[in-house]
Amino acid sequence: MTASIPLLLPPTAIPRPASWEHEWTPKKYLSGPQPPPVDDARVLEQEMATARQLADGKAVKKTRPRRTVDYNGGMGRWALLLPPVAYPSNSSTSLCTKFIHTSTNKIRCPVNVVTWTPEGRRVLTGSTSGEFTLWNGLTFNFETILQAHDSAIRAFQFTHSGAYLASADQSGIIKYFQPNMNNLNAWQGHREAIRGLTFSPNDGRFATASDDSTIRIWAFEESREERVLTGHGWDVKCVEWHPTKGLLVSGSKDNLIKFWDPRTGTILSTLHQHKNTIQALAWSPNGNLVASASRDQTVRVFDIRAMKELRVLKGHKKEVCSVTWHPIHPILVSGGSEGAVLHWDLSGPEPSSSSTSPFSFTTHGPRATLSQAHDSN
């Protein structure tokens, strides 16, 4: 029979040769992670200790470097793991739910701030002891520690270029550091504790928020105060600069979120939805949305184009302390005082509006929950 059999499958089900025309390829950080620099003083100290042990007739204990473990090594046989940008329509690859490691300082004290270094290979933490601690992002081991401030570190941020780090502490001191942790400058910025620090998109200015109820805008190169923003009725707990525009958003102990024009210092708008202190704010990568975390146990998402509340995210059992966006997917991650880390997926359709407000939407719950990521406060 030469007659062809009719095909009963849709055209999309017919296997076609793979097209590599739009294949994702990495553009940066092509080389492998480099080991930390060798500390000559430490090597000399180890050699002297070994010599003393030999002179005393003691057995010399061999020291071996910490073994590097690839915790996803077993997955490589089953799937080709690529960065999130390679899965634009699949946000499940970006849910960090697997516990890997706990890193602890020798002297235990609360860690107030944490950030990745600009090249993405180390983690920098700031603690209540005033110390910077640098951790290896691959092996999780301690690399170096520095007494950066005399009081508790409350905020720090790298410039967008990655060339400098600005930090602020409990006593209102602001300091500049180079990536090698060399201190460049220090001065008294506020009378009370500084709770937030954020750079403008071009790194020419930065803003600080303080318990003295003010926000101050500084010229970065001159370390000069340009403007003082007043309008909050209580401690200002957080401030964030828009990723691309001249726009500031701040949150305060007076339960208010305010939007500011940094050029004139005027208040553009005020949001009253929260019922307790705003602890943290975060702009979405495209700058259209801003998320807020509050002591009223909710995370709220606002659309600044319509200046309306888009989502109300309820799931924390205690106050919400931190919030951040995924750089690629519409995923929001929040941390609470009960020790939980919740992942919220905002890619789905908006849920039906609640009866309390025609513009307020409550989600059905977090996409993923780490109920005991940290000890409870």
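Nothing here was measured: the structure is a model prediction, and the numbers come from that model. (Residues numbered from 1 in each chain as written. Predicted model: local features only at pLDDT ≥ 70, side-chain atom pairs only at ≥ 80, totals over all residues. Heavy atoms only, no water.)

Caption draft 1: Region of interest: the pairing of strand S21 (residues 320-325). Pairing of S21 with strand S22 (residues 331-336), which is carried by five bridges, proceeds in the antiparallel orientation. Considered in S22, the bridge of Val323 is made with Ser334. Here S21 folds back onto S22 in antiparallel fashion, the turn holding five residues. (Pairing = 2+ DSSP bridges. Helix = DSSP H or I, 4+ residues; strand = E, 2+ residues; numbered from the N terminus.)

Caption draft 2: Structural view of the pattern of salt bridges. Applying the stated criterion to the full structure yields 14 salt bridges. The salt bridge partner of Arg195 is Asp211, with a shortest N-O separation of 3.0 Å. Placement of Arg195 in strand S9 (residues 194-199) and of Asp211 in the loop between strand S10 (205-210) and strand S11 (214-219) is noted, with a sequence separation of 16 residues between them. A relative accessible area of 24% means that Arg195 is categorised as partly exposed. Judged by its relative accessible area of 11%, Asp211 is buried. Residues Lys237 and Asp211 are paired through a salt bridge, measuring 3.6 Å at the closest nitrogen-oxygen approach. (Salt bridge = Lys/Arg side-chain N within 4 Å of Asp/Glu carboxyl O. Buried < 20%, exposed > 50% of the residue type's maximum accessible area, 1.4 Å probe, protein only.)

Caption draft 3: Structural view of the environment of Cys109. Mapped onto the elements of the fold, Cys109 is located in the loop between helix H1 (40-55) and strand S1 (111-116). Each C-alpha atom, one on Cys109 and one on Ser127, is 6.7 Å from the other, the two residues being 18 residues apart in sequence. Ignoring any residue separated from it by four or fewer positions in sequence, one finds Cys109 in contact with Ser127, Thr128 and Ser129. (Contact = heavy atoms within 4.5 Å.)

Caption draft 4: Representation of the sheet that holds S11. If you walk across this open sheet you meet the four strands as S9-S10-S11-S12, and the pairing is antiparallel. Looking at the sheet topology across the chains shown, the edges are occupied by S9 and strand S12 (224-230). If you compare each strand with its neighbour and ignore which way they point, the axes differ by 20 degrees on average. Two strands pair when backbone bridges link them, and S10 and S11 are joined in this way by five bridges, in the antiparallel orientation. When the sheet's bridge partners are listed, Thr208 is paired in S11 with Arg216. (Axes fitted to C-alpha atoms, helices over the stretch in contact; angles between N-to-C directions.)

Caption draft 5: Summary view of the nonpolar core. Core analysis: the largest hydrophobic core is formed by 17 residues, its most contacted members being Ala291, Val299, Val301, Leu313, Val323, Trp325 and Leu332. Residue assignment for this core shows that the elements contributing at least two residues are strand S17 (278-283), strand S18 (289-294), strand S19 (298-303), strand S20 (308-314), S21 and strand S23 (341-345). (Core = buried A, V, L, I, M, F, W, Y, C linked by side-chain atoms within 4.5 Å.)

Caption draft 6: Inspection of unusual backbone geometry at higher detail. Residues other than glycine seldom take positive phi values, yet Met181 does so here, at roughly 70 degrees. In this fold, Met181 is placed in the loop between strand S7 (173-177) and strand S8 (183-188). Unusually for a residue other than glycine, Met307 sits at a positive phi of about 50 degrees. With respect to the helices and strands, the residue Met307 is situated in the loop between S19 and S20. Looking at Met307, the relative accessible area reads 32%, which means it is partly exposed.

Caption draft 7: Up close: the sheet that holds S18. What the four strands build is an open sheet, ordered S17-S18-S19-S20; its pairing is antiparallel. Each edge of the sheet is formed by a strand with only one pairing partner; in this case those strands are S17 and S20. With strand direction ignored, the average angle separating the axes of adjacent strands in the sheet is 20 degrees. Alignment of S18 against S19, held across five bridges, turns out to be antiparallel.

Caption draft 8: Quick look at the packing of aromatic side chains. According to the stated counting rule, one finds 14 aromatic pairs in the structure shown. Between Phe199 and Phe206, the ring centres sit 5.5 Å apart and the planes meet at 45 degrees, which makes this aromatic pair tilted. In this structure, Phe199 and Phe206 share a single accessibility class: buried. Taking the centre distance of 6.4 Å and the plane angle of 75 degrees together, the rings of Phe206 and Phe220 count as edge-to-face. Of this pair, Phe206 sits in strand S10 while Phe220 sits in the loop between S11 and S12; the two residues are 14 residues apart in sequence, bridging distant segments of the chain. An identical accessibility class is assigned to Phe206 and Phe220; each is buried. (Phe/Tyr/Trp six-rings, centres within 6.5 Å; stacked < 30°, edge-to-face > 60°.)

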